Amino acid sequence: MHFGPRLYYQIVPPKKHGHAIGEAESAAFAEAARRFRGRIVWSSNRSGNHEIYLADLRGKSPVVSKLTNDPHVDSFPRFSPDGERILFNRSRETWVSDRNPGPWDVWIMDADGEHQRRIAEEGFHPTFTPDGRAVVFARGGQVVRHDVQNGREEVLVEAEKVLGGAGQEPDLRDHRLTVTVRGAMYGAFGIYDLASRKFIAFPGDACQIAWWPGQDRVIWIEGHKGNGGTRVAWGPPDGRRVETLIDLPGKFSHEYFPRLSRDGAWLAWAASAGDHEPGRADYEIFLWKVGEPWDRALRLTYHTGNDQWPDLSLG
């Protein structure tokens, strides 16, 4: 892993916004470009407010762009399956904590930051369906499916009534929905089967459960475990087995926000030195090829601000 000094200079990307990228980060992105041919998107408040940033690692030299520039909070970016669009959350108020799921709208833009538009009001943590035709998100006590083409919406589950709390970070595959339940059943997480209307609750204190692309297993963040108080775990969808995917030693070992590439071969996540506050702590972005030794994991960001919610697009 590459740990370097926090020295900063200004890179002006081929768009209208400037942003501070340090020497250590520049070197880390250059190393990432030698290993990973794709793009990484994430949210950062390094410019003073949370905006969406993108690192394009497909060419000879990495290009880092600031895609949004808005006085509200831009967070939770997610690539479409074809990599051509990016979903994200924009707060309805100037500052909103990630712990407040209410005042957010769902926005979409081209992967270069152009044609930004709101597609749904009061939606939290949106993700694309595998075919890219719809998105799912939390709205109040519901989990909603929204058709991107025509705007039609369908309530998939009344989470507060059925699961006992708000269903957040939903990820839909076929008729099964991974979901973290907040509220009366705080800490519950698992898989809700839309066909049988049954919820498989996983044991332990965990969150941010999602499907492993292309495989019948899931990943999540397991709390009160690991070197820094959390670890990235995986297991089968019945919740009967828990395996450690990665749990780095060292200072930045409080893992959060895990995200696999669409082929399941690469993992991006953020980690702090122990501070748990999602939108304010000094989280840094990491990248790792699944199955390699943990010491091959690459730290990408070296900023004292908050870097969070990474996502990956290949090719």
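Keep in mind it's a predicted model, so treat the numbers as computed, not measured.

### Comments concerning the overall build of the chain
Turning to step 1, where the next piece is worked out: Helices and strands together make up the secondary structure of the chain, namely two helices and 26 strands.
Turning to step 2, where the next piece is worked out: When its C-alpha atoms are laid out on the principal axes, the chain stretches across 55 × 40 × 35 Å.
Turning to step 3, where the next piece is worked out: Counting only residues that meet the buried cut, the chain has 57% of its 315 residues in that class.
Turning to step 4, where the next piece is worked out: When the accessible surface of the chain is split by element, carbon and sulfur atoms take 47% of a total near 12,800 Å².
Turning to step 5, where the next piece is worked out: Placing the 40 positive and 43 negative side-chain charges of the chain at their respective mean positions leaves the two points 3 Å apart.

### Some thoughts on the environment of Thr-178
Turning to step 1, where the next piece is worked out: Relative to the elements of secondary structure, Thr-178 occurs in strand β15 (residues 176-183).
Turning to step 2, where the next piece is worked out: The spatial distance from the C-alpha of Thr-178 to the C-alpha of Phe-199 is 9.5 Å, given a sequence separation of 21 residues.
Turning to step 3, where the next piece is worked out: Not counting chain neighbours up to four residues away, the residues in contact with Thr-178 comprise Glu-169, Pro-170, Asp-171, Gly-190, Ile-191, Ile-209, Ala-210, Trp-211 and Val-218.

### Remarks on the environment of Leu-172
Turning to step 1, where the next piece is worked out: Secondary-structure assignment places Leu-172 in strand β14 (residues 165-173).
Turning to step 2, where the next piece is worked out: The spacing of Leu-172 and Phe-124 is 48 residues in sequence and 15 Å in space, taken between C-alpha atoms.

### What about the nonpolar core?
Turning to step 1, where the next piece is worked out: Of all hydrophobic cores here, the largest spans 45 residues; its most connected members are Leu-267, Trp-269 and Leu-300.
Turning to step 2, where the next piece is worked out: For this core, the element with the highest residue contribution is strand β23 (residues 266-272), accounting for six residues.
Turning to step 3, where the next piece is worked out: Sequence-distant contacts of Leu-300, that is, excluding residues within four places in its chain, are made with Glu-25, Ala-28, Phe-29, Ala-32, Ile-40, Ile-285 and Leu-287.
Turning to step 4, where the next piece is worked out: With 12 residues, the next largest nonpolar core counts Val-136, Val-157, Val-181 and Ala-188 among its residues.

### Section: unusual backbone geometry
Turning to step 1, where the next piece is worked out: Residue Phe-76 is not a glycine yet carries a positive backbone phi of 55 degrees.
Turning to step 2, where the next piece is worked out: Backbone geometry at Trp-309 places phi at a positive 50 degrees, although glycine is not the residue there.
Turning to step 3, where the next piece is worked out: Inspection of the secondary structure assignment puts Trp-309 in strand β26 (residues 307-314).

### So, the packing of aromatic side chains
Turning to step 1, where the next piece is worked out: Going through the model one piece at a time under the given rule, you end up with 15 aromatic pairs.
Turning to step 2, where the next piece is worked out: Considering the side-chain rings of Trp-42 and Tyr-53, the 5.8 Å spacing of their centres and the 25 degrees angle between planes classify their relative orientation as stacked. Placement of Trp-42 in strand β3 (residues 38-44) and of Tyr-53 in strand β4 (residues 51-56) is noted, with a sequence separation of 11 residues between them.
Turning to step 3, where the next piece is worked out: Tyr-53 sits in the buried class, given a relative accessible area of 0%.
Turning to step 4, where the next piece is worked out: For the pair Trp-212 and Trp-234, a centre-to-centre distance of 6.2 Å together with 70 degrees between the ring planes defines the contact as edge-to-face. Taken together, the residues Trp-212 in the loop between β18 (206-211) and β19 (218-223) and Trp-234 in strand β20 (residues 230-235) connect sequence positions 22 residues apart. Just as Trp-212 is buried, Trp-234 falls in that class too.
Turning to step 5, where the next piece is worked out: Here the aromatic residues Phe-76, Tyr-256, Phe-257, Tyr-283 and Trp-309 are joined through ring pairs into a cluster of three or more.

Thresholds applied
- Residues numbered from 1 in each chain as written.
- Predicted model: local features only at pLDDT ≥ 70, side-chain atom pairs only at ≥ 80, totals over all residues.
- Heavy atoms only, no water.
- Helix = DSSP H or I, 4+ residues; strand = E, 2+ residues; numbered from the N terminus.
- Buried < 20%, exposed > 50% of the residue type's maximum accessible area, 1.4 Å probe, protein only.
- Areas by Shrake-Rupley, 256 points an atom, 1.4 Å probe, with all protein chains shown as cover.
- Lys, Arg positive; Asp, Glu negative; His and termini not counted.
- Charge placed at Lys NZ, Arg CZ, Asp CG, Glu CD.
- Contact = heavy atoms within 4.5 Å.
- Core = buried A, V, L, I, M, F, W, Y, C linked by side-chain atoms within 4.5 Å.
- Phe/Tyr/Trp six-rings, centres within 6.5 Å; stacked < 30°, edge-to-face > 60°.

Read these as geometric descriptors, not functional statements.
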